[in-house]
Amino acid sequence: MTAHPPVAAHRARGRSRGAVTSFAAVLVLVPGAALTGCAQQRDSDVYTVMNSSTDETYHRWDAEAMARCGKQLGVTIEQQSVPAAQVMTKALRMASSKSLPDIVQFDASEMPTFAEAGGLVDLRTLGLSTDDVPEGIVDFGSYKGTYYGAARSVNTLALFYNKDILDEAGVRVPTTWEELRRTAKQLTQGKRYGLALSAGGAEDGVFQFTPFMWSNGGDETDLDSPQVVGALDFWKALLQDGSLSKSTVNWTQADVNDQFMAGNAAMMINGPWQVETLNTKKSLHWEIARIPVPEAGADSVGPLGGAVLTVPRTGDAEREKTAGRIVACLAGEKEQLTYALNSWMVPANEKAAAEWRTQVPELDALADQVAAARSRTAKLGAGWSGVSLALQSAFQSALTGQSSEAALQRAQRRATSGN
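Residues numbered from 1 in each chain as written. Predicted model: local features only at pLDDT ≥ 70, side-chain atom pairs only at ≥ 80, totals over all residues. Heavy atoms only, no water.

Peer 1: Mind laying out the pairing of strand E11 (residues 307-310), listing which residues take part and the relevant values?
Peer 2: In E11, alternate side chains face the same way, and those of Ala307 and Leu309 on one face and Val308 and Thr310 on the other are all buried. Bridge analysis of strand E3 (residues 103-107) against E11 gives four bridges, and the strand direction is antiparallel. Following the sheet pairing, Gln105 is matched in E11 by Leu309. (Buried < 20%, exposed > 50% of the residue type's maximum accessible area, 1.4 Å probe, protein only. Helix = DSSP H or I, 4+ residues; strand = E, 2+ residues; numbered from the N terminus. Pairing = 2+ DSSP bridges.)

Peer 1: Explain the packing of aromatic side chains to me, and be specific about the residues and the numbers.
Peer 2: Summed over the entire model, instances satisfying the criterion amount to 12 aromatic pairs. A centroid spacing of 4.9 Å and a plane angle of 65° characterise the contact between Tyr58 and Trp61, whose relative ring orientation is edge-to-face. A residue pair is termed a helical-turn pair when its members lie 3 or 4 positions apart in one helix, as Tyr58 and Trp61 do in helix H2 (residues 56-73) at three residues. Trp61 carries the same exposure label as Tyr58, and that label is buried. Residues Trp177 and Phe234 carry aromatic rings whose centres are separated by 4.6 Å and whose planes lie at 15° to one another, so their mutual orientation is stacked. Within this pair, whereas Trp177 is found in helix H7 (residues 177-187), its partner Phe234 is found in helix H9 (residues 226-240), the two being separated by 57 residues in sequence. For Trp177, a relative accessible area of 10% corresponds to the buried category. Using a relative accessible area of 8% as the deciding quantity, one classes Phe234 as buried. By way of ring pairs, the aromatic residues Trp177, Phe209, Phe212, Phe234, Trp235 and Phe395 are connected into one cluster. (Phe/Tyr/Trp six-rings, centres within 6.5 Å; stacked < 30°, edge-to-face > 60°.)

Peer 1: Tell me about the state of the cysteines, and name the residues and values.
Peer 2: The final tally for this structure, using the stated rule, is one disulfide. Linked covalently through their sulfurs, Cys69 and Cys329 form a disulfide whose S-S length is 2.1 Å. What sets the handedness of the Cys69 and Cys329 disulfide is the S-S torsion sign, and at about -85° it is left-handed. Of this pair, Cys69 sits in helix H2 while Cys329 sits in helix H12 (residues 317-330), and the two are 260 residues apart along the sequence. Given a relative accessible area of 0%, Cys69 falls into the buried group. (Disulfide = S-S within 2.5 Å.)

Peer 1: Could you give an account of helix H15 (residues 364-371), naming the residues involved and the relevant values?
Peer 2: An α-helix turns once every 3.6 residues. As a result, residues three or four positions apart point the same way. Taken together, the buried positions of H15 are occupied by Ala365, Leu366, Ala367, Gln369 and Val370. Taken together, the buried residues of H15 touch helix H5 (135-140), strand E6 (153-154), strand E7 (158-162), strand E10 (286-289), strand E12 (346-347) and helix H14 (350-359). (Contact = heavy atoms within 4.5 Å.)

Peer 1: Give me the lowdown on the side chain of Ser404, citing residues and values where you can.
Peer 2: The topology assignment puts Ser404 in helix H17 (residues 404-417). According to the relative accessible area criterion, Ser404 is buried, its value standing at 2%. A polar contact of 2.7 Å, which involves the side chain of Ser404, links it to the side chain of Asp233. Ignoring anything within four residues of it in the chain, the contact list for Ser404 reads Val229, Leu232, Asp233, Lys236 and Ala398. (Polar contact = N/O pair within 3.5 Å; in protein donor to acceptor, adjacent residues only side chain to side chain.)

Peer 1: Any chance you could break down the sheet that holds strand E8 (residues 193-196) for me, citing the residues and the numbers?
Peer 2: With respect to topology, four strands assemble into an open sheet ordered E8-E9-E7-E10, the strand pairing being mixed. Both outer strands of the open sheet, E8 and E10, are each paired with one neighbouring strand and no more. Averaged over all pairs of adjacent strands, the angle between their axes in this sheet comes to 20°, without regard to strand direction. In terms of strand pairing, E7 meets E10 through four bridges, oriented antiparallel. Following the sheet pairing, Phe160 is matched in E10 by Ile288. (Axes fitted to C-alpha atoms, helices over the stretch in contact; angles between N-to-C directions.)

Have a look at this one:
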């Protein structure tokens with residue numbers, strides 16, 4: 001069944017929107033160890049939120065939410081939106097000039113860099129609770145065990161499939177790797193591939209690889225382990241079967257969606273940010289399921305994507321407290337549900353997610369996938385970017401001829417040495 005939102009949604013991104021700035025870059029931009037900035041005079045009743053909602057629809061949704069929270073708290077909340085790839089750089093420059101906004105919405109994979117430089121306030125000290133937030137989503141907004149970022153909604157990946165194609169072929173939705181390989185091969189006919197996914201040399205490909213790596217017991221701290229090699233070998237097997245296009249090494253997640261919509265793929269790995277685009281093609285009857293696992297009964301562990309609201313350390317304790325109350329409102333159960341229904345994402349709050357399931361039951365598998373999902377930066381923090389770059393190179397090598405083991409041994413050396 002094609003899903004239809006209660007409010008028109010616009011495409012969002014489920015991956016890191018830019019390379020994570022290194023701590024060395026922080027030190028170049030910001031002299032000294034800490035990032036603080038409150039030298040300029042501010043209106044005591046006006047608070048600023050910097051985010052990446054440059055899209056008109058998202059900007060409007062955020063403005064409406066900020067107006068509701070501002071009215072509730074008795075303050076004015078202004079929105080400053082910049083392109084996603086510029087949020088980190090702009091925040092660092094504003095810190096150096098002591099002009100930080102009261103709240104910054106970072107991509108969760110970038111947040112640890114700012115936290116590592118001492119630039120964020122522990123949200124728990126501002127009264128924010130994580131009682132109704134799954135552990136994986138708490139980790140998503142944390143750095144070294146400290147909770148710096150509150151997510152309003154999160155996303156992850158799922159298996160999208162063309163219901164008509166599977167029904168016509170008389171096959172069931174695959175749940176294991178063996179079933180996925182067999183089904184993908186069976187559905188590959190003519191110009192149509194059985195499966196589409198992104199293995200491109202960018203964060204898209206790494207985002208899509210993590211469900212296979214993690215569900216197979218692999219770990220980002222040991223890239224050349226048998227479990228990670230096995231996951232990449234599975235991708236290679238799909239390619240060797242002809243079930244994946246050779247162009248998969250160049251495709252972004254948007255390219256994957258285009259192929260699926262054009263009927264060139266019977267199934268795809270993708271995220272909820274594609275839903276609005278999928279719904280523009282009325283003849284396309286799609287459904288979703290959890291990503292297949294190596295063995296029946298194993299957990300399907302995908303990556304969490306999305307952004308978190310943070311309170312920069314400005315040196316003004318009273319403003320930081322009010323900023324914390326604003327974050328608590330924007331990330332509260334009611335506002336989370338509204339935002340998630342607009343954007344197709346899954347609420348971070350468990351109670352809001354339960355209500356979300358009742359309103360969009362056709363996306364229920366996403367909520368199941370989110371419940372077991374992991375943060376990419378939970379173990380490595382700002383070090384994730386080095387691992388990501390190493391994996392990107394490994395995909396390009398392994399899927400064009402090199403053995404998975406050799407490609408991942410090189411990736412491990414690169415991730416460890418930084419070269």
